Amino acid sequence: MIATMRGVVVARRVGPLRCLYSQFRGAYNVESLHPQQSSSAIPKVPASPSDNPLQFNGYIPTEEIDKSFSTSSGPGGQHVNRVATRAIIRFNVRTAKWLSDDLKKRLTERYSHRINIEGDLIIASERTRKQHLNLADCFDKLRTAVYECSEELTKENRQPDPEKVEELRLRQEQANRMRLLEKRRHSMKKESRAKDF
Amino acid sequence: MGSKSATERALNYLRRAPRVTLTDVRDNPGARTKGRLVRKKDNMAGQQYNDLRGAGKPPLGWIWGDFYKPWQRIYPGATFFNQDINLRREYPPLSLLELQRLIDLGWLDPSLPIDLTALCNTRQYRCDPSLRQFGVQLTDEGASVFAAKVNLEGASVFAAKVNLEVQWASETAIAAVERAGGVVTTAYYDPIALTAAVDPLKWFEKGEPIPRRHSPPADLIGYYTDARHRGYLASPPAVEAARSELALKIGYALPDRTDDAQHDMLAARKDPLQVFFGLAPGWVVNLADQTLLKPKNPRLLHYYSGRLDASKDS
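Residues numbered from 1 in each chain as written. Chains lettered and ligands numbered in written order. Predicted model: local features only at pLDDT ≥ 70, side-chain atom pairs only at ≥ 80, totals over all residues. Heavy atoms only, no water.

**What about the overall build of chain B?**
- Secondary structure summary: chain B contains twelve helices and seven strands in total.
- Taking as baseline every contact in chain B between residues at least 6 positions apart, the subset at least 24 positions apart corresponds to 59%.
- Surface accessibility of chain B: about 18,700 Å² in total, with carbon and sulfur atoms responsible for 55%. (Helix = DSSP H or I, 4+ residues; strand = E, 2+ residues; numbered from the N terminus. Contact = heavy atoms within 4.5 Å. Areas by Shrake-Rupley, 256 points an atom, 1.4 Å probe, with all protein chains shown as cover.)

Shown next as C-alpha cells:
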C-alpha cells in the first residue's frame, strides 16, 4: 500500500484495495486539461503498411523479423568476449508481407550486398555498448533503407501536374520565339555586310 | 532508370572534379585530435604521504566531507561560472537493474503501483529535498541481457510488469518497462510535497495536512506535458500513440493488455494535486487513533481542490 510506512496501514477506514485508485479529482485532472482532443494534436503512428505501393509509412512488424545477438568485435578483454551486444536482424525480402512488390524489387537491387542466397536481408549493428540500443540502430538502418527506396520510386513515378505542364510548354514556346528572333537578327546583320545591300 | 553503382558514381565524380592537389589530401579539420599530454605535475600531484595516495582524484571543489557540499556550493561568489549552482535540480538515479533487484529481493511489491514513496520506504533509495533533489531518475542500465549468444526471448531482461511513477526517465528506460508490459509516468513533486512523499511517517507525526502538489515550474512544464516523456500532464491518447511509436523505433512488439487482473493497478494514476494514493490533499492523518480528519471549511476545500479563482468566504 502506497501510504504504508514500515508496515503500518494508515487509513484502515479505506475499503478494499480498489478504493485506493478511486479518485480524488482536483481542478487540474487530465481530462479537464485535455477536454476535446483534436485529431491533429495526437500524432498518427502507422499500425499497418501504406496503401500506396510506392510509399513507405514507417511501419515494420517487429514480430516478423528475426532478432539475434552475438558478441561484438574489437578490444575489451573478458567483457567484450562474454557480453552479447551485437544485434542482428534478418527477414526474407520475398516473403515479407509488409513490403509492396515495387519496394521489394528496389530493395533487392539497392541492398544486394546485404542479402544472402536465400533472399534474407541481414542488418547488423555493434555501434553502441548496449544491446537494446544496437537493436534500435538495426531497425533504424532498415527503416532508412526502405525510406530511401520509397523516395526514389516516388520521384521516378511522379506525374507532373497539368498546370506545370502548361507552364513548361509556354516557356518552351517563348524560348523558341526568342531563338528564331535572334536568328533573324543575326541573319540581317550578316546581310547588311554584303556588298550590294 | 536503375540506380548507379557506387563505382560508377565515384568515377562520374572524378570526371567532373578539379585536379587533386596537396590541399585535398590534407585531413579535414577536427579529424585528428592530439591526446592530452600527461605532464610531470599530474603524477600524484604531491599527495604521496596522506589518505589521497592511490585514490582517484576527488571532484572539483571537494573540501573534506561528503560530496554534496563542494566549495563552490558553500561559497557561491563566482558569477562567471556556476552562478546557478544552488538552483540546479538533481535527480538521484535509479537503474532498472536496481529496481529489478529490489523487486526480486522483496523490497518492492510489483502488484502495487511503485512511486517515490514506495521506493523511499524501502530505505534502499534516498532522495533528500533539502539537497535540491527532486525525485527519481530512471536510467536504462540493466535493460539489456548480459549473457553471450542468448536469444532475447530466453534471456534475463527487465521483466517485471510494474506501474512506475518517477520524476525523470530516459527513453530506453521507458521502452524497457513498456516492453515488459508495465507503465511509466513522470510526475513533478514540488519541494514541500516531496518532503511529505519521501518520509510520510515524519510528515504525519507533525500533524500537518497532506499538501497539495503545485504545478511544475516554467522550465519543466514542457517536459511533463510531453507524451514522449510519459508526462503526467500529457493527454492519454497522445501517450498511447507515443507508446506505439517507441515500440516501432526500438524494435519490440507491444504486449497485449488483456490481463484484467492487473488492469486496475496498471491504470492507476494520481491526480496532479495528489501526493499519496487513496489520500486527498488537505486531509490530516491521525496516527495515534488511526483515523483521517477531512476538512469541511469551503475555503480549505477550495484551496485543496486546486482552483484558481478567488476563494469563497465561509
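From this point on, the discussion continues.
**Points about the UniProt feature "domain: Prokaryotic-type class I peptide chain release factors" (unreviewed entry) in chain A**
- This chain's UniProt record puts "domain: Prokaryotic-type class I peptide chain release factors" (unreviewed entry) on residues 59–193 of chain A.
- Annotation note: span residues 59–193 of chain A, helix share 54%, strand share 13%, distance between end C-alpha atoms 73 Å. (UniProt positions renumbered as here; feature names shortened; annotations may be inferred.)

**Some words on the environment of A:L33**
- With respect to the helices and strands, the residue A:L33 is situated in helix α2 (residues 30–33).
- Take A:L33: its relative accessible area is 36%, and that puts it in the partly exposed class.
- Contacts of A:L33, omitting those with residues within four sequence positions, involve A:Y28 and B:L233. (Buried < 20%, exposed > 50% of the residue type's maximum accessible area, 1.4 Å probe, protein only.)

**Observations concerning the nonpolar core**
Residues and elements named next belong to chain B.
- Residues L116 and L138 are the most contacted members of the largest nonpolar core, which totals 58 residues.
- Every element with two or more residues in this core is listed here: α4 (96–104), α5 (116–121), β3 (163–166), α6 (171–179), α7 (191–198), α8 (200–206), α9 (218–224) and α10 (236–250).
- Apart from residues no more than four positions distant in its own chain, L138 is found in contact with L94, L96, L99, L164, V166, W168, A169, S170, A173 and V177. (Core = buried A, V, L, I, M, F, W, Y, C linked by side-chain atoms within 4.5 Å.)

**A word on the packing of helix α4 (residues 101–110) of chain A against helix α5 (residues 131–156) of chain A**
All names here are of chain A.
- Running from N to C, α4 and α5 point in directions that differ by 115°, and their axes come no closer than 9 Å. By the angle between their axes, α4 is roughly perpendicular relative to α5. You can see that α4 and α5 cross each other, and the crossing is right-handed. Note on element contacts: α5 touches α4 through A145, V146, E148, C149, S150, E152, L153 and E156, opposite D102, L103, R106, L107 and R110.
- Partitioned by chemical class, the residues of the contact of α4 with α5 number six nonpolar, one polar and six charged. (Axes fitted to C-alpha atoms, helices over the stretch in contact; angles between N-to-C directions. Parallel < 35°, antiparallel > 145°, perpendicular 65-115°, else oblique. Left-handed = near helix turned anticlockwise from the far one by under 90°. Nonpolar A, V, L, I, M, F, W, Y, C, P; charged D, E, K, R; others polar.)

**Notes on the environment of B:D128**
All names here are of chain B.
- Here D128 lies in the loop between α5 and β2 (137–139).
- For the pair D128 and I174, spaced 46 residues apart in the sequence, the C-alpha separation amounts to 24 Å.
- One polar contact links D128 to S130, side chain to side chain, over a distance of 2.7 Å. (Polar contact = N/O pair within 3.5 Å; in protein donor to acceptor, adjacent residues only side chain to side chain.)

**Describing the pattern of salt bridges**
Residue and element names in this part refer to chain A.
- One pass over the structure, following the stated rule, counts 23 salt bridges over all chains.
- Residue R106 is joined to E156 by a salt bridge in which the shortest nitrogen-to-oxygen separation is 3.0 Å. Of this pair, R106 sits in helix α4 while E156 sits in helix α5; the two residues are 50 residues apart in sequence, bridging distant segments of the chain.
- On the basis of relative accessibility, which here comes to 9%, the residue R106 falls in the buried class.
- Here the salt bridges share partners, and the residues they tie into one network are R106, E109, R110, E148, E152 and E156. (Salt bridge = Lys/Arg side-chain N within 4 Å of Asp/Glu carboxyl O.)

**Brief notes about a positive patch on the surface**
All names here are of chain B.
- Together, K4, R9, R15 and R16 make up a region of like positive charge exposed at the surface.
- Summarising the element assignment, R15 is placed in helix α1 (residues 6–16).
- Of the residues examined, R15 reaches a relative accessible area of 62% and is grouped as exposed. (Patch = residues over 30% accessible without salt bridge, like charges linked within 9 Å, V, L, I, M, F, W, Y side chains within 5 Å. Lys, Arg positive; Asp, Glu negative; His and termini not counted. Charge placed at Lys NZ, Arg CZ, Asp CG, Glu CD.)

**What to know about the sheet that holds strand β2 (residues 86–92) of chain A**
All names here are of chain A.
- Reading across the sheet, the three strands line up as β1-β2-β3 and stay open at both edges, with antiparallel pairing between neighbours. The open sheet is flanked by β1 (66–70) and β3 (120–125), the only strands paired with a single partner. Looking at each pair of strands side by side, their axes are set apart by 20° on average, direction ignored.
- Pairing geometry for β2 and β3, over six bridges, is antiparallel. Residue pairing for β3: A87 is matched across the bridge by S125.
- Across the sheet, α5 is in contact with β1, β2 and β3; its angle to β2 comes to roughly 35°. (Pairing = 2+ DSSP bridges.)

**So, unusual backbone geometry**
All names here are of chain B.
- Even without a glycine there, the phi angle at R123 is positive, about 65°.
- Position of R123 among the secondary structure elements: in the loop between α5 and β2.
- Here Q290, not a glycine, exhibits a phi torsion of approximately 55°, which is positive.
- With respect to the helices and strands, the residue Q290 is situated in the loop between β6 (284–286) and β7 (291–293).

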